[in-house]
Amino acid sequence: MSLAKNQIHEVTVESLSSDGNGVAHIDGQAVFIPGTAPGDVIACRIVKAMKSYAFGRVERLLSPGPGRIEPDCPACAPCGGCGLRHLSYEAECAAKTGFVRDAFTRLGHFDQEVLPVLSSPLSERYRNKVQLPVGLDENGHIVTGFYAGRSHRIVPCSDCKLQPEWMNRLAARACELMEEYKIIPYDEANHTGLVRHLYMRQGWHSGQRLLCFVLNGRTLPHEEALCQRLQQEFSLTTVLINRNTQRTNVILGHETRTVLGSGVIEDTLAGVPLQMGVHEFYQVNTPAAEILYAKAREFAGLKPGDFLLDLYCGMGTIGLSMKQDCGKLVGVEVVPQAVESAKVTAARLGLPEDAASFFCMDAGEAAARFAAGDRYPDVIVVDPPRKGCDAATRDAIVRMSPRTIVMVSCNPATAARDARALCDAGYCLEQIQPVDLFPRTKHIETVAVLSRKSASKSFIPVSISPKDMGLSKEKDQPTYANIRDYVQKTHGMKVSSLYVAQMKAECGLETQADRSGDKKQPKCPPEKREAILDAFRHFGLIGEDGTEE
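Residues numbered from 1 in each chain as written. Predicted model: local features only at pLDDT ≥ 70, side-chain atom pairs only at ≥ 80, totals over all residues. Heavy atoms only, no water.

1. Side note on the overall build of the chain
Assigned secondary structure in the chain consists of 14 helices and 22 strands. Oriented by its inertia axes, the alpha-carbon framework of the chain measures out at about 80 × 70 × 40 Å. When the 549 residues of the chain are sorted by exposure, 51% land in the buried category. Sequence-distant contacts in the chain: of pairs separated by 6 or more residues, those separated by 24 or more amount to 66%. Of the roughly 24,400 Å² of accessible surface on the chain, a fraction of 51% belongs to carbon and sulfur atoms. Positive and negative side-chain charges of the chain, numbering 63 and 66 respectively, have mean locations separated by a distance of 2 Å. (Helix = DSSP H or I, 4+ residues; strand = E, 2+ residues; numbered from the N terminus. Buried < 20%, exposed > 50% of the residue type's maximum accessible area, 1.4 Å probe, protein only. Contact = heavy atoms within 4.5 Å. Areas by Shrake-Rupley, 256 points an atom, 1.4 Å probe, with all protein chains shown as cover. Lys, Arg positive; Asp, Glu negative; His and termini not counted. Charge placed at Lys NZ, Arg CZ, Asp CG, Glu CD.)

2. So, the environment of Arg394
Tracing the sequence through the fold places Arg394 in helix α9 (residues 391-400). Of the residues examined, Arg394 reaches a relative accessible area of 14% and is grouped as buried. Arg394 sits 185 residues away from Arg209 along the chain, and the two C-alpha atoms are 39 Å apart. Sequence-distant contacts of Arg394, that is, excluding residues within four places in its chain, are made with Cys389, Arg417, Asp418, Ala421 and Leu422. Within polar-contact distance, the side chain of Arg394 engages the backbone oxygen of Cys389 at 2.8 Å. (Polar contact = N/O pair within 3.5 Å; in protein donor to acceptor, adjacent residues only side chain to side chain.)

3. Observations regarding the pairing of strand β14 (residues 265-269)
Consecutive side chains along a regular strand alternate between the two faces of the sheet. Residue alternation in β14 divides its side chains into a buried set, Ile265, Asp267 and Leu269, and an unburied set, Glu266 and Thr268. Here β14 pairs with strand β15 (residues 272-276) via five bridges, running antiparallel. The residue of β15 that forms the bridge with Glu266 is Gln275. Connecting the antiparallel pair β14 and β15 is a turn made up of two residues, with Ala270 showing a positive phi of about 55 degrees. (Pairing = 2+ DSSP bridges.)

4. Let's talk about the packing of α9 against helix α10 (residues 412-424)
Across the interface, α9 lies against α10 with an axial gap of 10 Å and an inter-helix angle of 40 degrees. Relative to α10, the element α9 lies oblique. Note on packing geometry: the crossing formed by α9 with α10 is right-handed. Contacts from Arg394, Ile397 and Val398 in α9 reach Arg417, Asp418, Ala421 and Leu422 in α10. (Axes fitted to C-alpha atoms, helices over the stretch in contact; angles between N-to-C directions. Parallel < 35°, antiparallel > 145°, perpendicular 65-115°, else oblique. Left-handed = near helix turned anticlockwise from the far one by under 90°.)

5. Some thoughts on the state of the cysteines
In the structure shown here, the tally under the stated rule is zero disulfides. Here Cys82 stays free of any disulfide, with the sulfur of Cys160 as its closest cysteine sulfur at 5.8 Å. (Disulfide = S-S within 2.5 Å.)

6. Observations concerning a nonpolar patch on the surface
A contiguous nonpolar patch, built from Val47, Met50, Tyr53 and Phe55 and spanning about 280 Å² of accessible area, is present on the exposed surface. We classify Val47 as partly exposed; its relative accessible area is 31%. (Patch = residues over 30% accessible without salt bridge, like charges linked within 9 Å, V, L, I, M, F, W, Y side chains within 5 Å. Salt bridge = Lys/Arg side-chain N within 4 Å of Asp/Glu carboxyl O.)

7. Considerations on a positive patch on the surface
Taken together, the side chains of Lys48, Arg150, Arg386 and Lys442 define a basic patch exposed on the protein surface. By secondary structure assignment, the location of Lys442 is in the loop between β21 (427-435) and β22 (445-452).

8. Topic: the sheet that holds strand β7 (residues 129-136)
Strand order in the open sheet formed by seven strands is β9-β8-β7-β10-β11-β12-β13, and the pairing between neighbours is mixed. Looking along the sheet, the strands with just one partner apiece sit at the ends: β9 (154-156) and β13 (255-260). Strand-to-strand, the axes of this sheet are offset by a mean angle of 35 degrees, without reference to chain direction. By the bridge criterion, six bridges tie strand β11 (residues 209-215) to strand β12 (residues 238-243) in an arrangement that is parallel. The residue bridging Leu215 from the neighbouring strand is Arg243, located in β12. Where helix α4 (residues 223-234) meets the sheet, it contacts β11, β12 and β13, and its direction lies at approximately 65 degrees from that of β13.

9. Section: helix α3 (residues 165-180)
Note on helix geometry: an α-helix contains 3.6 residues per turn, so any two residues three or four positions apart are oriented the same way. End to end, α3 covers 23 Å across 16 residues, agreeing with the expected 22 Å (1.5 Å per residue, within 8%). Contact partners of the buried residues in α3: β7, β8 (142-147), β10 (195-202), β11 and α4. Backbone geometry just after α3 places Lys182 at a positive phi near 60 degrees. (Expected span 1.5 Å × (residues − 1).)

10. Some words on the nonpolar core
Counting 86 residues, the largest nonpolar core has Val195, Met200, Phe213, Leu230 and Phe358 as the members making the most contacts within it. In terms of residue count, α3 provides more of this core than any other element does, eight residues in total. Aside from chain neighbours lying at most four places away, what touches Phe213 is Val195, His197, Leu198, Leu220, Leu226, Cys227, Leu230, Leu240, Ile241 and Asn242. Membership of the second largest hydrophobic core comes to 40 residues, among which are Cys389, Met400, Cys423 and Ala448. (Core = buried A, V, L, I, M, F, W, Y, C linked by side-chain atoms within 4.5 Å.)

11. Remarks on the packing of aromatic side chains
Applying the stated rule across the entire model yields five aromatic pairs. For the pair Phe32 and Tyr53, a centre-to-centre distance of 6.2 Å together with 75 degrees between the ring planes defines the contact as edge-to-face. With Phe32 in strand β4 (residues 29-33) and Tyr53 in strand β6 (residues 53-63), this pair connects stretches of sequence that are 21 residues apart. Taking relative accessible area as the criterion, Phe32 reaches 22% and is therefore assigned partly exposed. Between Phe307 and Phe370, the ring centres sit 5.8 Å apart and the planes meet at 55 degrees, which makes this aromatic pair tilted. Taken together, the residues span a long stretch of sequence, with Phe307 in strand β16 (residues 307-311) and Phe370 in helix α8 (residues 363-372) at a distance of 63 residues. Overall, Phe370 belongs to the buried group, its relative accessible area being 4%. One aromatic cluster in this structure is built from Phe32, Tyr53 and Phe55. (Phe/Tyr/Trp six-rings, centres within 6.5 Å; stacked < 30°, edge-to-face > 60°.)

12. A short note on the sheet that holds β21
Strands sit in the order β18-β17-β16-β19-β20-β22-β21 across an open sheet of seven strands; the sheet is mixed. Whereas interior strands pair on both sides, the edge strands pair on one side only; in this sheet they are β18 (356-360) and β21. On average, adjacent strands in this sheet sit at an angle of 15 degrees to one another, irrespective of strand direction. Of the pairings in the sheet, the one linking strand β17 (residues 328-333) to β18 comprises five bridges and is parallel in character. When the bridges of β18 are listed, Gly331 appears paired with Phe358. Across the sheet, helix α7 (residues 336-348) lies against β17 and β18, angled at about 170 degrees from β18, the strand it touches most.

13. Focus: unusual backbone geometry
Look at His191: it is not a glycine, yet its phi comes out positive at around 55 degrees. Secondary-structure assignment places His191 in the loop between α3 and β10. For Arg440, which is not glycine, the phi torsion reads 75 degrees and is therefore positive. Within the fold, Arg440 resides in the loop between β21 and β22.

Shown next as structure tokens:
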């Protein structure tokens, strides 16, 4: 039977696909139906028919499945963020275990058992960060909310169940104050208006709170009064302004300045002390992330003399949480701010550079350099973006032949692909453990451990330095003094730390500190400007086009 648009069929939903849609079959053809639960019996209207599958919608719910519940958020359907809010949390966890099992079976061709998902300690109010677009509702009032699926239409949401209540209350109060001060929200279509997003972040253990206004401009009208009122009402640790004047979907611009407070908040993750502004990546569910890190540490099985290589290390939290178990840690990350944060954290932990080193470079490039040398890691941890590890990184990992590989992934499909490639090259997949960092959504984190099939490997003492990585000591540490020295040696001119700070602020590398009160500061001359930018490129702070790498 050929399916056609607008046909109505009675079907039973059999399972959920990895994107959270229910799956039913009509005469052997799969039909994907959003908002359904396994066991639901529904009247399904076909909305799009393809050659071998179709998409449908619920016309009538005839009989609910055992895991179905009534959604408790009126915005969840148009918002789409909580794609599994119509399931009980137990049913959601079972479905997510199935997502991972399906990926490793169907895409990775493994018959390995997938362990039941480790659930989040909190299934509501767990997010420590939120970025809310700002716009106007149909009555012309300023609102925040979330973009509807596959659009930039704001769905107003006064009480998102995933974020702490104070964030919802602050968003509403900020909208009231913006109307009071006649501040216009951003109009994406016309690239007009001022306030684009409200960005809020919380230190989960410390309780410290951050608010950032993302502006299509430099300043807010009545900025000091507005920010002070919000700081006092919501006990904010710091308030920031981020400038993003580009026509772009990227939320944050490069330039951020501090209005109130220190510009950062502090917290701990798995015992690692952290400082965060707005640009640093930090897992949004702190309690569940600590479960994930504990499982990764268990899987690593480190020994006191081991060398641990942490690829895609971000702020270094995974590797630093394992440092007490091994002799040497090297972290690699492509984002300069994250690398600097990792170095600061290591110093705060009292770790010398020969015990914990962090390098700013592409993971594949770093892995290739280690593979070409004679100092190989015993254990490698990888935590790549959704696209997974590239072929060059996987090949270099295999050439380094670590005893153990721990894979952390936010995408079961690419995790299964990477695990298959490593197993085809001589590794054995030992365990697969899903961990739910994103309750009520379709997303799931996975940690897997692989071991080398051949256990024979000679011990090589490990002592990694910047020189071993193909980096000079100078190039690894872009301090103010080293930048000034480079400019003088290369361009024959002296530059002040003030000029370096001005150029760092211009490039979005840091917020310039004003130490002179109301005194007018001299501006960096054009010739010195170009020399300092050349130094930034030399130290890897910016790319060849002058933008932050």
